[in-house]
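# Fold and geometry: a report
One letter stands for each residue in the lines below.
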Amino acid sequence: MSLIAGKRTHKYKCLGFYIDLKQGVISKNGKNQAVRAKTLQVLIMLIQHADEVVSKKRLLDIIWHDVVVQEQVLTQSIKELRDVLGSQVIKTFPKDGYQWVAPITAINTRNRIAVFIGAIIGIGLLLTLIISVNSKQQGNAFSIAFLPVENDISDNIHQWVPLRGMEYLSRQLKANTDLTVIGHDQVLYVLEHRSEYGMQSLDANKLAFLRQKLEATVLVYTRLTGYPQDFQLHYTLFFEYGIEKGVEFAKSIEQSFEQLNVTLAHKYASQRHANVQNWDSDFSNEAFARGVELYLKQAYQQAVPLFLAALQTEPNLLAARRYLAASYANQGLHSKAITLLMTTVEQSGAFDNRELIRAHLMIGYLLINWPQGKARIMELSDAQFYIEKAQTLAQTQQDELFIAYTYEELGKIKRLQGDFQQATKLVTKALEYHQSFYSQYGQTAALIELARIAAQQQQFGVAGAYLEQAQKIADDHAAPANQVWVLLAKADIAKQQNKLTEAEQLALSAQQVARYSDKPHLITRVAAWFNDQSPYTVN
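Residues numbered from 1 in each chain as written. Predicted model: local features only at pLDDT ≥ 70, side-chain atom pairs only at ≥ 80, totals over all residues. Heavy atoms only, no water.

## Quick word on the packing of aromatic side chains
All told, the structure shown has 14 aromatic pairs when counted by the stated rule. With 6.4 Å between their ring centres and 65 degrees between their planes, F239 and Y268 make a pair best called edge-to-face. With F239 in the loop between β13 (230-238) and β14 (243-250) and Y268 in helix α8 (residues 253-268), the pair connects residues that are 29 residues apart, well separated along the chain. Exposure remark for F239: the relative accessible area of 9% places this residue in the buried category. Under the relative-accessibility criterion, Y268 is labelled buried at 11%. With centroids separated by 6.1 Å and ring planes inclined at 45 degrees, the aromatic side chains of F249 and Y323 adopt a geometry described as tilted. Here F249 is found in strand β14, whereas its partner Y323 is found in helix α11 (residues 318-329), with 74 residues between them in sequence. Assessed through its relative accessible area of 5%, Y323 is described here as buried. Counting every residue linked through ring pairs, the aromatic cluster contains F249, F288, Y295, Y300, F307 and Y323. Sitting over the face of the ring of F249, R322 holds its NZ or CZ atom 5.5 Å from the ring centroid. Looking at K495, its charged tip hangs above the ring of W529, at a distance of 4.2 Å from the centre. (Phe/Tyr/Trp six-rings, centres within 6.5 Å; stacked < 30°, edge-to-face > 60°. Helix = DSSP H or I, 4+ residues; strand = E, 2+ residues; numbered from the N terminus. Buried < 20%, exposed > 50% of the residue type's maximum accessible area, 1.4 Å probe, protein only. Lys NZ or Arg CZ within 6 Å of the ring centre and 35° of its normal.)

## A short note on the UniProt feature "repeat: TPR" (unreviewed entry) in the protein
Per the UniProt record, the feature "repeat: TPR" (unreviewed entry) sits at residues 404-437. Between the C-alpha atoms that bound residues 404-437 the distance is 11 Å, and the span itself is 88% helix and 0% strand. (UniProt positions renumbered as here; feature names shortened; annotations may be inferred.)

## Quick look at the sheet that holds strand β7 (residues 97-100)
One open sheet accounts for three strands, arranged β5-β7-β6; its pairing is antiparallel. Edge strands, defined here as strands with exactly one partner in the open sheet, are β5 (54-55) and β6 (90-93). Where β6 and β7 come together, four bridges link them in antiparallel fashion. Of the residues in β7, the one forming a bridge with I90 is W100. (Pairing = 2+ DSSP bridges.)

## Points about unusual backbone geometry
In this model, E215 sits at a positive phi of 55 degrees, which is unusual for a non-glycine residue. Within the secondary structure layout, E215 lies in the loop between α7 (204-214) and β12 (218-227). Here E215 falls in the exposed class, since its relative accessible area comes to 67%. Of note, A478 is a non-glycine position whose phi angle comes to about 50 degrees, a positive value. Here A478 falls in the partly exposed class, since its relative accessible area comes to 36%.

## Here's the deal with the packing of helix α5 (residues 161-176) against α8
Between α5 and α8, the least distance of the axes is 10 Å, while the angle of their chain directions is 40 degrees. The angle between α5 and α8 places the two elements in the oblique class. Once α5 is placed against α8, the crossing between them reads as right-handed. Residues V161, G165, Y168, L169, Q172 and L173 of α5 form the contact with α8, whose participating residues are I253, E254, F257, E258, L260, N261, L264 and A265. For the contact of α5 with α8, the class distribution of residues is nine nonpolar, three polar and two charged. (Axes fitted to C-alpha atoms, helices over the stretch in contact; angles between N-to-C directions. Parallel < 35°, antiparallel > 145°, perpendicular 65-115°, else oblique. Left-handed = near helix turned anticlockwise from the far one by under 90°. Contact = heavy atoms within 4.5 Å. Nonpolar A, V, L, I, M, F, W, Y, C, P; charged D, E, K, R; others polar.)

As structure tokens, this is what we get:
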């Protein structure tokens, strides 16, 4: 019988060590040791199956399912765990695998959300408690402090985000509400002069101590992700009695900050601008935000019930419906995804016009890249209908990013139909839009598509020139996603010319970039190329 069977916990005590599987930290005598992501997954597997020998194949298949690796990666993870915990905790069975053999005790973690199906009730109770506590803390007694914004955009043009973003949030919320906002300089002083609060080693306990040190009612942690013109700002609010999560979508970084401040003002300020709107319920936003976290980790199956829960509370939360459709699509349930997106398309009076644009565009994208079994001519015609509808909506809203996207997809349809002249014209139009944006690396996708059009006409020199231009933009901006896309496109065109060795070398270079970036969707995309599968996913 497993020592932890039936335990809904993520904290354990073993041989004087405290193991936090959620934070990925092993502690002893006040010293914390962070555990690498893959090594942490090995640790979780071994602890959760402590009553059996876990085979090497099972560990590799589950933890490294998205990439081709050698057995040495598992051996290295076992070594890392033994180096921290001691050689006696894990026993090796040379022909079978590994087993956790050290005595281990689960630590009761009450008031925690450990599994997501059970969490739905827990989230509601937690938010009720937070609202009850916060309602008693009004006026000057209620204070907010912002941590530096974590920048999760992999390029070299958003390095200003952490500190300037923190300052922007603090100054704007203070200027536009009656809330007590702890100055960004005071927060930075504490972070810089108290080593135990160093940003590189913050965990849940240290965040609680930091909140107390600053005498803040709420400590706000934010993480920026996405792409230029299409950003996501994930936020976590740390209270004395728990946490609350949410996510804001915006065309610009500043707009995402402003939307978060509107959310905070609506929740906590007694005086605020008259244009503050009533936002989605705390419960639905919490469930949605947690679902997005799982989605970004490619845990699509686990994300689905959270998106469903959010939609049950807020049926018009169209972003949750989009993520739910994408979760279905990335599990291979493309028809189910299209059917769900149709419900958004049918709501022509939907509140969020950008979500309506996305729905039309995503339907077209799915029909282009995953044939549904009907006549291909008809399918591409249907895709063109939805993308043209998205383009009309985008033009009405003057949403230039999505106008560019629709030109790219329409060009792809024309390429698949063999109309290369029209395809080139459409994609060139998309490129012109991308060239007008502040960030250049949005041009990469259009340049890749132009290269594919040229290659299909056996114009490999022209195709190569487009790809070199795309490569330079991706490299200049140090954008790993774009670097991977370009390298795989080069590999495809090399394979098209029967240059198989060159194609494999290019794909290996893409694999190296993906692994270094530690982005699951990039690793999966490269693995799909090596397995002769479609590299496309719905992002």
